[in-house]
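# Structure assessment
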Amino acid sequence: MAERSCPLCQKLDNRNDWAIYDDVLKAVQCLNCDLVFMERILSDLGLKKYYEDYIVYRLGHKKKWDQRKVMYEIDKSYLLRHVSQGKLLDVGCSSGEFLKVLSSSFDCTGIDVDRKAVDLAKNEGSEISDKVILMSLEEAVDELGKFDVITLRGVIEHLSNPSETFEIADEMLKKGGILFICATPNVESPCAEIYREKWNQFDPLQHITHFSSQTVNKMLECFSIKLEAEYYPYLDTPYASPKDDIENVMEAVS
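For the structure given in this document, a descriptive report is provided here. (Residues numbered from 1 in each chain as written. Predicted model: local features only at pLDDT ≥ 70, side-chain atom pairs only at ≥ 80, totals over all residues. Heavy atoms only, no water.)

The next point concerns the pattern of salt bridges. Between side chains of opposite charge, a pair can form as their charged atoms come close. This structure, assessed with the given rule, holds 15 salt bridges. Close ionic contact of D53 with K116 constitutes a salt bridge, the shortest N to O distance being 2.4 Å. Placement of D53 in the loop between helix 1 (44-50) and helix 2 (54-59) and of K116 in helix 5 (residues 115-124) is noted, with a sequence separation of 63 residues between them. Residue K116 is classed as partly exposed on the basis of its relative accessible area, which comes to 42%. Ionic contacts of the salt-bridge type, sharing partners, join the residues E3, R15, D17, K26, E39 and R40 into one network. (Salt bridge = Lys/Arg side-chain N within 4 Å of Asp/Glu carboxyl O. Helix = DSSP H or I, 4+ residues; strand = E, 2+ residues; numbered from the N terminus. Buried < 20%, exposed > 50% of the residue type's maximum accessible area, 1.4 Å probe, protein only.)

Here you go:
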């Protein structure tokens, strides 16, 4: 694993350790732009191999899957505050479950590079079966045209080069279009700061770039995308457990 330059400012120096997993995998914070990221990551081939059975893993955890379905509705309700119709592209759509929820309001297309997930969507025979395409975003820019909305749900933290994804998304958005980013861990959350490598969103192989509102906005400003709104709905989600959270935090800081 080669040492990684900062995905935001591209610097290779001036960084502090943020968290260390198993004395091997290290997250660092760039002191030039504040982005937190894994200093060393798997190669593109290694990442592809790692994600080969990702959809099987996701479908195998019923409780998490049921929670995720509730979150799809919460995410959609927030998107509808800003746009209620139009042509929508869901990038990293997996087997299309979020796409199903969105399809009642939008003209939807989903893309993913996971063949197993795309095949699952196509073989399901649902209303979105013919709308899920095995395709990268780099291919989509020439094949699919422009969209009113592009969604990145639980995607950007997995990307080795997120700025490239934002650049292509910017090119594919119609004038006045919306880039909707959701289900991305917030590295400025109290839990992230308190727990660091024990934070439940710290996954050193999957979550390789840890964004805050500030750093994702800095990256978006490199293009023509501006932050319009942000929302942290934790207490309204199926993951909320305030009593346990308070007890766990008190134990961690005591």
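As a further point, take the nonpolar core. With 31 residues, the main nonpolar core has L89, I150, M172 and L179 as its most contacted residues. Going through the elements one at a time, strand 2 (25-30), strand 4 (87-91), helix 6 (137-143), strand 7 (147-153), helix 7 (162-172), strand 8 (173-182) and helix 9 (213-220) are the ones with two or more residues in this core. The dominant element in this core, judged by the number of residues it contributes, is helix 7, at four residues. Once residues lying within four places of it in the same chain are set aside, the contact partners of L179 are I150, L152, F166, A169, L173, L220 and I225. Formed by 21 residues, the second largest nonpolar core is a distinct cluster that contains W65, Y78, V83 and L102. (Core = buried A, V, L, I, M, F, W, Y, C linked by side-chain atoms within 4.5 Å. Contact = heavy atoms within 4.5 Å.)

Let us look at the packing of aromatic side chains. Inspection of every chain in the model, using the stated rule, returns seven aromatic pairs. When the ring of W18 is compared with that of W199, the centres are 6.4 Å apart and the planes differ by 70 degrees; the resulting orientation is edge-to-face. With a gap of 181 residues between them, W18 in strand 1 (residues 15-21) and W199 in the loop between helix 8 (190-195) and strand 9 (209-210) connect regions that are remote in the sequence. W18 sits in the buried class, given a relative accessible area of 7%. An aromatic cluster of three or more residues is present, and its members are W18, W199 and F202. The ring of Y231 has R81 lying over it, and the distance from NZ or CZ to the ring centre is 4.8 Å. Seen from the ring of F147, K87 lies directly overhead, with NZ or CZ sitting 4.7 Å from the centre. (Phe/Tyr/Trp six-rings, centres within 6.5 Å; stacked < 30°, edge-to-face > 60°. Lys NZ or Arg CZ within 6 Å of the ring centre and 35° of its normal.)

Position of S136 among the secondary structure elements: in the loop between strand 6 (132-134) and helix 6. With near-sequence residues (within four places) excluded, S136 lies in contact with I111 and V113.

This brings us to the sheet that holds strand 2. Across the sheet, which stays open at both edges, the four strands sit in the order 1-2-3-9 with antiparallel pairing between neighbours. Each end of this open sheet is capped by a strand with a single partner; those strands are strand 1 and strand 9. Here three bridges tie strand 2 to strand 3 (residues 36-38), and the two strands are oriented antiparallel to one another. The partner of A27 across the bridge, within strand 3, is M38. (Pairing = 2+ DSSP bridges.)

A word on the pairing of strand 7. Most of strand 7 is tucked away: six of the seven residues are buried. For strand 7 and strand 8, the ladder comprises six bridges, and the chain directions are parallel. Along strand 8, the bridge assignment pairs L152 with I181. Regarding topology, helix 7 serves as the crossover connection from strand 7 to the parallel strand 8, and that connection is right-handed. (Right-handed = clockwise from strand over helix to strand, strands pointing away.)

With phi around 55 degrees, D22 is a residue other than glycine that occupies positive phi space. By the secondary structure assignment, D22 is in the loop between strand 1 and strand 2. Taking relative accessible area as the criterion, D22 reaches 60% and is therefore assigned exposed. For D23, which is not glycine, the phi dihedral falls at a positive 60 degrees.

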